[in-house]
Amino acid sequence: MIGGGQLARMAHDAAIPLGVRFRLLADTSQDSASLVVGDVVLGDYRDLDTLRRFAEGCDVITFDHEHVPTEHLRTLQAEGFAVRPGPDALVYAQDKGLMRAKLDGLGVPCPRHRLVSDPADVTAFANEGEAAARSASDKGGGGRRVGGYPVVLKTTRGGYDGKGVWVVADETEAAEPFRAGVPVLAEEKVDFVRELAADVVRSPHGQAVAYPVVESVQVGGICHEVIAPAPNLSADLAAEAQALALRIAGELDITGHLAVELFETRDGRVLVNELAMRPHNSGHWSIDGAVTSQFENHVRAVLDLPLGDPRPRQPWTVMVNVLGGDYPDMYSAYLHCMARDPGLRIHMYGKDVKPGRKVGHVTVFGDDLDDVRERARHAAAYLRGDITE
């Protein structure tokens, strides 16, 4: 696995009972996964020779992030290395502009969007939807915002966890994203009810499984909480979201885990927000809450093993991220949380605690959503130091 973050750490944990030997290409010996994986190679994932040396002797190469240069992956594949997902699929998670164009060609519902060249072009994009917005309003329509400011701007490559994403209110604010000197994608700011995620896993021979559609609660562009399954989501819309994710996985020929992040609109539709072709924060609940976790199924898929059952073990599972705060010593907090709630599952990533950094997550499952959610939120807040009792 290329990348030494917490996704690699949890994938390694899932590989152990399968008897799968795990090699890691990490930036440093202190990366989250480097602390637990036995076979660690330190090097730059942007260097082709480093990638070649790392890949020697591996049955398959997979990823905990999307940042490996596409041309390097194509070279590895041409030289006979198994790369999963392949570069022709992964490029649609690496480049948001290409992703939007591809999804448009497949007829997948997305927010209104286009590439923009400068702040004045952002204003033109904002104004392009005004007539449509007025028309929809005159007809009594709703559910999505199609014109005017604010506008969402995204760098086409490199953004994650709110980085590389701006919500701008006017042309002056629109200047900031262009300073990086990379292409910028403009999107309408959708007036959505909530954010959802449809997680699926697909193997090389075409077997695929779909996890329950979850609700993802975002704060400042960072996932804070996931509820599985999404409460009060109609069976029809849940099935539509799962079918959409499975279709995207098939059309893009994805191997491994695919997270399709979605907006649920006020008029009962789903629009695709982002794609991630790796284990994803929206699927962390599955470690404790599903028969087979997203991490185990990703490992199975890239090795073309039969996939495991994605069904939940309990009616409700809630996962809350632990973000670093001003409380660096979490050991005493562990004692409190474990003693207060023996049913709580705590997962820590071995990272230094820094404000806003994902350092772990907690999971609770059961048959009462209010109880499960309160317990998970309390534990995460205590670990962060937000509460002291």
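Since we're looking at a predicted model, the values are computed, not measured.

Draft legend 1. Structural context of a negative patch on the surface. Residues Asp-118, Asp-170, Glu-171 and Glu-173 make up a contiguous surface patch of negative charge. Here Glu-173 is to be found in the loop between strand S5 (165-168) and strand S6 (184-188). In this structure Glu-173 comes out as partly exposed when scored by relative accessible area, which is 40%.

Draft legend 2. Summary view of the nonpolar core. By size, the foremost hydrophobic cluster in this structure holds 45 residues, and its most contacted members are Ile-2, Ile-248, Leu-258, Leu-262, Val-272, Leu-275 and Met-277. Put simply, the parts of the chain that give this core at least two residues each are helix H2 (48-55), helix H3 (70-78), helix H4 (87-94), helix H5 (96-105), strand S7 (192-202), helix H8 (235-251), strand S11 (256-265) and strand S12 (270-276). Among the elements that line this core, the one with the most residues is H8, at seven residues. Discounting residues that sit within four places of it in the chain, Met-277 has contacts with Glu-66, Pro-85, Ala-89, Leu-90, Tyr-92, Ala-93, Leu-252, Ile-254, His-257 and Leu-258. Residues Met-348, Val-359, Leu-369 and Leu-383 belong to the second largest nonpolar core, which totals 20 residues.

Draft legend 3. Summary view of the state of the cysteines. What the rule picks out here adds up to zero disulfides. Cys-337 carries a free sulfur, and the closest cysteine sulfur to it, the one in Cys-223, is 19 Å from it. Note on Cys-337: relative accessible area 2%, which makes it buried.

Draft legend 4. Just the pairing of S11, in detail. Burial within S11 is extensive, with 10 of its 10 residues counted as buried. Sheet topology note: the S7/S11 ladder contains 10 bridges and is antiparallel. Note on S11: the bridge partner recorded for Ala-198 is Val-260. As paired elements, S11 and S12 share six bridges and run antiparallel to each other. From the neighbouring strand, Ala-259 faces S12, where its bridge partner is Ala-276. The turn linking S11 back onto S12 is made up of four residues, and Gly-268 within it adopts a positive phi angle of 80 degrees.

Draft legend 5. Structural context of the packing of aromatic side chains. Enumeration according to the criterion identifies two aromatic pairs in this entry. Taking 4.7 Å as the distance between ring centres and 25 degrees as the angle between the ring planes, the aromatic pair formed by Phe-192 and Phe-263 counts as stacked. Taken together, the residues Phe-192 in strand S7 and Phe-263 in strand S11 connect sequence positions 71 residues apart. Taken together, a centroid distance of 6.3 Å and an interplanar angle of 90 degrees make the contact between Tyr-211 and Trp-285 edge-to-face. On the criterion of sequence distance, the pair formed by Tyr-211 in the loop between strand S8 (208-210) and strand S9 (214-219) and Trp-285 in the loop between S12 and helix H9 (286-289) is long-range, its members being 74 residues apart. We note that Tyr-211, like Trp-285, is buried. A cation over a ring is seen here: Arg-46 above Tyr-45, with NZ or CZ 5.6 Å from the ring centre. For the cation-ring pair, Arg-112 lies above Phe-125, with the distance from its terminal atom to the ring centre recorded as 4.0 Å.

Draft legend 6. The arrangement of helix H12 (residues 369-384) in detail. In this model, H12 (16 residues) spans 22 Å end to end at C-alpha, consistent with the 22 Å of a helix rising 1.5 Å per residue. Among the 16 residues that make up H12, 12 are buried, leaving the element largely enclosed by the rest of the structure. Residues of H12 that are buried include every one of Leu-369, Val-372, Arg-373, Arg-375, Ala-376, His-378, Ala-379, Ala-380, Ala-381, Tyr-382, Leu-383 and Arg-384, and no others. Of the residues flanking the start of H12, the one acting as N-cap is Asp-368, its side-chain oxygen 3.1 Å from the backbone nitrogen of Asp-370. Of the residues flanking the end of H12, it is Gly-385, one or two places downstream, whose phi is positive at about 90 degrees.

Draft legend 7. Quick peek at the pattern of salt bridges. If you walk through the whole model with that rule in mind, you get 27 salt bridges. Between Asp-44 and Arg-46 there is a salt bridge, with its nearest N and O atoms 2.9 Å apart. Salt-bridge contacts for Arg-278 lead to Glu-66; the nearest nitrogen and oxygen are separated by 3.0 Å. Placement of the pair is Arg-278 in the loop between S12 and H9 and Glu-66 in the loop between H2 and H3, with a sequence separation of 212 residues. No difference in accessibility class separates Arg-278 from Glu-66, as the two residues are buried.

Draft legend 8. Spotlight on the environment of Met-338. Inspection of the secondary structure puts Met-338 in helix H11 (residues 331-340). Of the residues examined, Met-338 reaches a relative accessible area of 48% and is grouped as partly exposed. Between the C-alpha atoms of Met-338 and Val-372, which are 34 residues apart in sequence, the distance is 15 Å.

Rules and cut-offs
The numbers attached to residues start from 1 for each chain and follow its sequence in the written order. This being a predicted model, a pLDDT of at least 70 is required before a residue's local features are given, and a value of 80 or more before pairs of side-chain atoms are given or counted; all residues contribute to the totals for chains, interfaces and linings. Water and hydrogen atoms play no part in the side-chain values, which are based on all heavy atoms of the structure. The patch calculation keeps residues exceeding 30% relative accessible area without a salt bridge and links them within 9 Å when they carry like charges or within 5 Å when they are nonpolar (Val, Leu, Ile, Met, Phe, Trp, Tyr). Per-residue and other accessible areas follow the Shrake-Rupley method at a 1.4 Å probe size, with only the shown protein chains counted as cover for residues. Note on definitions: salt bridges are taken to be side-chain nitrogens of Lys or Arg within 4 Å of carboxyl oxygens of Asp or Glu. The sign given to each residue is positive for Lys and Arg and negative for Asp and Glu; His and the chain ends receive no count. In plain terms, the charge of a residue is placed at NZ if it is Lys, CZ if Arg, CG if Asp and CD if Glu. Where helices and strands are cited, they refer to DSSP runs of H or I of at least four residues and of E of at least two residues respectively, numbered from the N terminus. Partly exposed residues are those whose accessible area sits between 20% and 50% of the maximum for their type, while under 20% is buried and over 50% is exposed, using a 1.4 Å probe and protein chains only. By nonpolar core is meant a set of buried Ala, Val, Leu, Ile, Met, Phe, Trp, Tyr and Cys residues that side-chain atoms within 4.5 Å join together. Working rule for contacts: check all heavy atoms of both residues, and any pair within 4.5 Å makes them a contact. Only a pair of cysteine sulfur atoms within 2.5 Å qualifies as a disulfide here. Following DSSP output, two strands are said to pair if at least two bridges run between them. Each pair of aromatic rings taken from Phe, Tyr and Trp, with Trp reduced to its six-membered ring, is defined by centres within 6.5 Å and is described as stacked if the planes are under 30 degrees apart, edge-to-face if over 60, and tilted in the remaining cases. Lysine NZ or arginine CZ positioned within 6 Å of the ring centre and within 35 degrees of the ring normal marks a charge as sitting over the ring. A helix's residues, less one, multiplied by 1.5 Å, set its expected span. We call two N or O atoms a polar contact when they sit within 3.5 Å, provided that within protein one can donate a hydrogen and the other can accept it, with sequence-adjacent residues counted only if both atoms are side-chain atoms.

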